[in-house]
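Residues per chain are reported as follows:
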Amino acid sequence: MEKTSIAVLVSGGGTNLQALIDAQNSGIINHGRITAVISSKPDAYALKRAEAAGIPAYTADRKALGQGFEQELRRIIRQAGAELIVLAGFMSILSADFTESYPERIINVHPSLIPSFCGKGYYGLKVHEAALARGVKLTGATVHFVNDIPDGGRIIMQKAVEVQDGDTPEALQQRVMREAEWIILPMAVEKIAEEIADKKSEEAK
Ligand code: GAR
């Protein structure tokens, strides 16, 4: 079986990228292989994680590239032969022109139970600040396909996490990552990678 080639797009610490690398090493991800890590920021620690794992790492500097940012992303994705694009802590909203080029081939992890606390302006710690401000007792994470609506594509997997008394945004973020994101992102990537691999082998018959 030919594995599905995966590009992982990052912007920061890259703990979700690390979860994907670990899942690839342990066999939880078996139908896919990460062939490129692309960071929108040149100083992202995620790039170091990719290098340490021996995965080709690239920077597409959003600030420096401006209008040429997505064109550079496309170029690296094409060069890597990526068939599945995973946004793992990627802090840019992609244009409709971009997302329409890869229908149901881009997936994202979001740190809430969509449709709560999602859409434009809800990213990173802001999501957990909003959940605490609203006083919800349950939050979680969602893995979904990416389309032209921010956090609006078809949901693939979700997992709930309890909010605890006295939680800070940072404490809640850590629990959501540990109990939900780092588990469901690799599971969802394996599921979609398998579907793409199966489709390819069907088409080759
Ligand atoms: C994660 O919680 C991820 O879900 C979130 O940012 C964090 C990145 O952490 N992503 C978004 O908010 C995207 N809208 P990481 O760099 O350690 O994976």
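None of the values given here were measured: they were computed from a predicted structure.

Of note, A23 is situated in helix 1 (residues 15-26). Distance in space between the C-alpha atoms of A23 and G140 is 20 Å, their sequence separation being 117 residues. Discounting chain neighbours no more than four positions away, the residues touching A23 are I28, I29 and P186.

A few words now on the environment of H31. Tracing the sequence through the fold places H31 in the loop between helix 1 and strand 2 (32-39). Residues H31 and K191 lie 160 residues apart in sequence; the distance between their C-alpha atoms is 8.3 Å. When near neighbours in sequence (up to four residues on either side) are disregarded, H31 contacts M1, K3, T4, E190, A193, E194 and A197.

Further remarks concern the nonpolar core. Of all hydrophobic cores here, the largest spans 39 residues; its most connected members are V8, L84, V86 and V189. In terms of residue count, the dominant contributor to this core is helix 7 (residues 169-204) (ten residues). Setting aside chain neighbours within four positions, we find V189 in contact with I6, L20, I29, L84, V86 and I107. The next biggest cluster of nonpolar side chains, apart from the first, holds 19 residues, and it includes A36, L94, Y102 and V146.

Each value, and the rule that gives it
All chains use their own residue numbering, which begins from 1 and follows the written sequence. Totals for whole chains, interfaces and linings use every residue, but because this is a predicted model, local features are given only for residues with pLDDT of at least 70 and side-chain atom pairs only at 80 or more, for both listing and counting. Only hydrogens and water are set aside when side-chain values are computed; all heavy atoms of the structure are taken into account. Secondary structure elements follow DSSP: runs of H or I no shorter than four residues count as helices, runs of E no shorter than two count as strands, and numbering proceeds from the N terminus. Contacts are assigned to residue pairs that have any heavy atoms within 4.5 Å of one another. Only buried residues count toward a nonpolar core, which is a set of Ala, Val, Leu, Ile, Met, Phe, Trp, Tyr and Cys residues joined through side-chain atoms within 4.5 Å. Burial classes: relative accessible area under 20% of the type maximum marks a residue as buried, over 50% as exposed, and values in between as partly exposed (1.4 Å probe, protein chains only).

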